[in-house]
Amino acid sequence: MCPNCRDKLCKVVEQPDGRLVCECGRHSWPNAAVYGEACRKASLTVGKTVHTWTQSF
Ligand SMILES: [Zn+2]
Ligand SMILES: [Zn+2]
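Quick caveat, the model's predicted, so the values are computed rather than measured. (Residues numbered from 1 in each chain as written. Chains lettered and ligands numbered in written order. Predicted model: local features only at pLDDT ≥ 70, side-chain atom pairs only at ≥ 80, totals over all residues.)

A few words now on the environment of serine 43. For serine 43, the location among the structural elements is in helix α1 (residues 32–46). Take serine 43: there are 17 C-beta atoms within 10 Å of it, and that puts it in the partly exposed class. For the pair serine 43 and proline 3, spaced 40 residues apart in sequence, the C-alpha separation works out to 7.8 Å. (Helix = DSSP H or I, 4+ residues; strand = E, 2+ residues; numbered from the N terminus. Buried ≥ 20, exposed ≤ 12 C-beta atoms within 10 Å, placed from the backbone.)

Another point: the sheet that holds strand β2 (residues 20–22). Taken in spatial order, the three strands of this open sheet run β1-β2-β3, and their pairing is antiparallel. Each of the sheet's edge strands pairs with one partner strand only, and the pair in question is β1 (12–14) and β3 (28–29). (Pairing = 2+ DSSP bridges.)

Structurally, glutamate 23 can be placed in the loop between β2 and β3. Residues glutamate 23 and lysine 11, twelve residues apart in the sequence, show an inter-C-alpha distance of 5.4 Å. Non-local contacts of glutamate 23, meaning those with residues more than four positions away in its chain, are made with Cys10, Lys11 and Val13. (Contact = placed C-beta atoms within 7 Å.)

Any link to function would need more than the numbers given here.
Here you go:
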C-alpha cells in the first residue's frame, strides 16, 4: 500500500523498469529500497494505526 495516500487504500505496483508507482499515480519511487524506506518513515510518523498493512505487504 502507498504510505502517502492515507485517505484511501492505494496499491503500489512495480513497473517493468523497477520503479514503484502508486495506483492513483500521485507517488512513485525509483526502487523497492526507497519505497521500503518511505513506508518505514510513514509508519513511524503515524505510529499505531498503520501496523497491519506494513506487515501484510
Ligand atoms: Zn500514493
Ligand atoms: Zn495513491
